[in-house]
Structure formats: C-alpha cells, structure tokens
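# Geometric and topological summary
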Amino acid sequence: MDEPFSALDMQNRHKLQEQLIGVWKRFENTIVFVTHDVDEAFALGDYLYVLDEGKVIASGTPEEMSHSNNSIVQAFLAERGNEL
C-alpha cells in the first residue's frame with residue numbers, strides 16, 4: 001500500500017487505519033505500508049524501514065526506531081515533534 005490515506009482528512013484517515021488493523025488481525029497477512037507520516041508508521045507498524053535515496057538506512061521495531069542513533073532517523077523524528 002503506497003500512502004493510501006495521505007489525501008484524507010484526519011477523521012477518515014483514523015477510521016481507515018482502524019479498519020486496516022481489523023483486517024490485519026482477522027487475516028494475519030503481511031502488509032507493506034508506505035508512508036511519510038511518522039505517527040502513522042508508529043501506529044500501524046510492527047517493524048519499520050527507513051529509506052534514503054532508495055536504500056534502507058535503518059530498520060527495527062517502533063521502540064527501537066525511537067532510540068535510533070541514525071542522524072536521518074533522529075532528524076525525521078525531531079521534525080515531526082516526537083521524542084527520541
């Protein structure tokens with residue numbers, strides 16, 4: 001899924017995120033979800049990958065990513081107002 005909720009208002013975005021979680025729990029399939037929204041990534045992801053210029057520069061669980069030493073990941077999280 002490539003940024004499927006990016007053009008939606010917050011209310012509809014949250015509803016569809018909840019529905020996606022429900023589908024995932026019901027069928028237990030892997031879902032590859034692309035987003036530029038760090039909050040969305042942390043809310044929906046079990047395991048995250050951060051890409052820079054098409055290359056994976058960091059990966060891990062949301063908890064691991066919150067404590068990443070990677071400067072690009074730190075800048076991205078700081079830019080979004082999240083604590084490291």
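Let me sum up the structure you'll find in this document. Everything quoted here is computed from the prediction, not taken from an experiment.

Time to look at the packing of aromatic side chains. Within the structure shown, the criterion is met by two aromatic pairs. Both rings, one in F5 and one in F33, keep their centres 5.6 Å apart while their planes meet at 50°; by these two values the pair is tilted. Placement of F5 in the segment before α1 (10-27) and of F33 in the loop between α1 and α2 (38-44) is noted, with a sequence separation of 28 residues between them. Looking at F5, the relative accessible area reads 6%, which means it is buried.

Secondary-structure assignment places I21 in helix α1. As for I21 and D37, which are separated by 16 residues in sequence, their C-alpha atoms are 17 Å apart.

The next thing to look at is the environment of L48. By the secondary structure assignment, L48 is in strand β1 (residues 48-52). Sequence-distant contacts of L48, defined by excluding residues within four places in its chain, comprise A41, F42, A58, S59, G60, P62 and M65.

The subject of this paragraph is α1. In this model, α1 (18 residues) spans 26 Å end to end at C-alpha, consistent with the 26 Å of a helix rising 1.5 Å per residue. Among all positions of α1, only R13, Q17 and L20 are buried. Relative to the axis of α1, the buried residues are bounded by an arc of 60° and lie together on one face. Away from the buried face of α1 by more than 90 degrees, exposed residues Q11, E18, Q19, K25 and R26 are located. At the N-terminal end of α1, a side-chain oxygen is found 3.2 Å from the backbone nitrogen of Q11, two or three residues along, and the residue is D9. Where α1 terminates, the next one or two residues include E28, which has phi positive at roughly 55°.

Cut-offs used in this document
Residues numbered from 1 in each chain as written. Predicted model: local features only at pLDDT ≥ 70, side-chain atom pairs only at ≥ 80, totals over all residues. Heavy atoms only, no water. Phe/Tyr/Trp six-rings, centres within 6.5 Å; stacked < 30°, edge-to-face > 60°. Helix = DSSP H or I, 4+ residues; strand = E, 2+ residues; numbered from the N terminus. Buried < 20%, exposed > 50% of the residue type's maximum accessible area, 1.4 Å probe, protein only. Contact = heavy atoms within 4.5 Å. Expected span 1.5 Å × (residues − 1). Arc of directions from axis to C-beta. Polar contact = N/O pair within 3.5 Å; in protein donor to acceptor, adjacent residues only side chain to side chain.

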